[in-house]
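# Observations on the model geometry
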Amino acid sequence: PPLNAMLNTFDFESVAREVMEPQAWGYYSSGGDDEITLRDNHMAFQRITMRPRILVNVRDIDMTTQILGVPASLPLYFTATALAKLAHQDGEVAIVKAAKKAGVPYMLPTLSSYTLDEMLAARTPDQQVFSQLYVNPERSRSEEYVKKLEEAGVQALFVTVDAPQLGRREKDMRNKFTQQGSDVQGDDEDEGAVDRSQGATRAISSYIDPGLNWEDVPWLKSITKMKVLLKGVQCAEDAVMAFKAGLEGCVLSNHGGRQLDTCRPGIEVLPEVMEALKEAGATKESFAVFIDGGVRRGGDIFKAVALGAQAVGVGRPVLYSLASYGMNGIVRMVHMLQDELQMVMRLSGTPNIPSITEKHVIITNLADH
Ligand code: FNR
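Residues numbered from 1 in each chain as written. Predicted model: local features only at pLDDT ≥ 70, side-chain atom pairs only at ≥ 80, totals over all residues.

In this structure, Leu83 takes a positive phi of about 60° despite not being glycine. Relative to the helices and strands, Leu83 is located in the loop between strand E4 (76-78) and helix H4 (91-102). Despite not being glycine, His255 shows a phi value in the positive range, around 65°. Its place among the elements puts His255 in the loop between strand E9 (249-252) and helix H11 (266-279). (Helix = DSSP H or I, 4+ residues; strand = E, 2+ residues; numbered from the N terminus.)

If you want it as structure tokens, here you go:
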């Protein structure tokens, strides 16, 4: 179907499934174990109901915001997802360009198909990006990588902390993974150590240090002046520890349901985290909270913002729209979310992002409430 036949993010998913190689589809779409969390990520948003206000002047809707100080056209960023060339030959380069066109930040993945230099070179001079970090067992490698990011002007570093071992993704494991036209470039010299016989997931697990712990946080902070955040926090205690350790924020995420199964969606964790952070003295300015996982509608973005998130990340919608229609597909996907968010904001009586509050949603159907 032509690109303008796409009406929502799910449409891209259907097309991607048709056009992608089975191995690539298996790697992108799979979740951990029984995929309970994978499915629940989007469903959790449906457990939150709207509480709109009427007779507010909603002639003009302003969705613009700042994400860690970076201007964005709406509270959305493209989160890091490994190996974008499995979707499309233009891979991460197309995502960098689409991010610029759509006016949202992109979190560059450590395990990219294109090299870091190629991704950075695809930016326009004024384009700001974030970066995701898998800490390597050899710390000096991570230090070099981080130094390169900092020199390239990357704004913030998201350290992934939910993958000391990669989850069992059976759809992916069933595919004997041979990387056609795609390579893990996170660390060229490590090629030999990568075992590709058990799917992409097994192939990349040797990059990640399972020994990483809270005592390494001062080291992480010491190797860069970039903002450092944790990606993959799942409870109030850890969010508060991150705040007290002097970090700039965290992403409430279960890695798109690809790691521990039957854990909670980020949106479900958000209320307890915001409450605990407030008690610990954190403000929205001093500590930024993000969520990702299952964001598929403009209304999902609204709900996350209402509950205190500075922005939300999207993963698979970027990959699926890229696989289906290349860079233009990604831009269109963002425009659809913008249209949806604009409508939800108008119908909720919230003309701009700061006007969206927890009073605009009801969360009694979420766990713990
Ligand atoms: C991911 N994700 C991820 N996260 C990370 O920190 N480093 C990585 O290399 C990857 N790789 C990756 C590959 C693929 C194919 C997917 C789908 C996801 C997790 C990602 O950043 C994010 O947490 C989820 O994708 C969010 O869920 P949705 O938007 O895909 O539902």
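So that's the structure; there's more coming.
In the vicinity of the ligand there are 24 residues, among which Ala82, Thr160, Gly256, Gly315 and Arg316 approach most closely. If you list the elements that add at least two residues to the shell around the ligand, you get helix H2 (22-29) and strand E11 (311-314). (Near = placed C-beta within 6 Å.)

Bringing the pairing of E9 into the picture now. Residues Gly249 and Val251 of E9 are buried on one face, and the alternating residues Cys250 and Leu252, pointing to the opposite face, are buried as well. Pairing between strand E8 (residues 227-233) and E9: 4 bridges, direction parallel. What sits directly across from Leu230, in E9, is Cys250. The parallel pair E8 and E9, bridged by helix H10 (residues 236-244), forms a crossover whose chirality is right-handed. On the question of chirality, the crossover connecting E9 to the parallel strand E10 (residues 288-292) by way of H11 is right-handed. (Buried ≥ 20, exposed ≤ 12 C-beta atoms within 10 Å, placed from the backbone. Pairing = 2+ DSSP bridges. Right-handed = clockwise from strand over helix to strand, strands pointing away.)

Turning our attention to the confidence of the model for the protein. Within the protein, residue pLDDT values average 91, and 92% of them lie at 70 or more. Overall, residues 180-197 carries pLDDT values under 50, and its contacts beyond four positions in sequence, including any with other chains, amount to 33 contacts. Scoring of the predicted complex yields 0.92 for pTM and 0.99 for ipTM. (pLDDT = per-residue confidence, 0-100. Contact = placed C-beta atoms within 7 Å.)

Here we come to H10. By the burial criterion, the buried members of H10 are Ala239, Val240, Ala242 and Phe243. Each buried residue of H10 sits inside an arc of 155° when the element is viewed along its axis, so together they form one side. The exposed residues of H10 that point more than 90 degrees off its buried face are Glu237 and Lys244. Looking one or two residues past H10, Gly246 carries a phi angle of roughly 85°, positive in sign. (Arc of directions from axis to C-beta.)

Attention now moves to helix H6 (residues 139-151). End to end, H6 covers 18 Å across 13 residues, agreeing with the expected 18 Å (1.5 Å per residue, within 8%). Those residues of H6 not exposed but buried are Ser142, Tyr145, Val146 and Leu149. Taken down its axis, H6 places every buried residue within 100° of arc, on the same side. Looking at H6, the residues exposed on the side facing more than 90 degrees away from the buried face are Ser140, Lys147 and Glu151. Immediately downstream of H6, the backbone of Gly153 shows phi near 85°, a positive value. (Expected span 1.5 Å × (residues − 1).)

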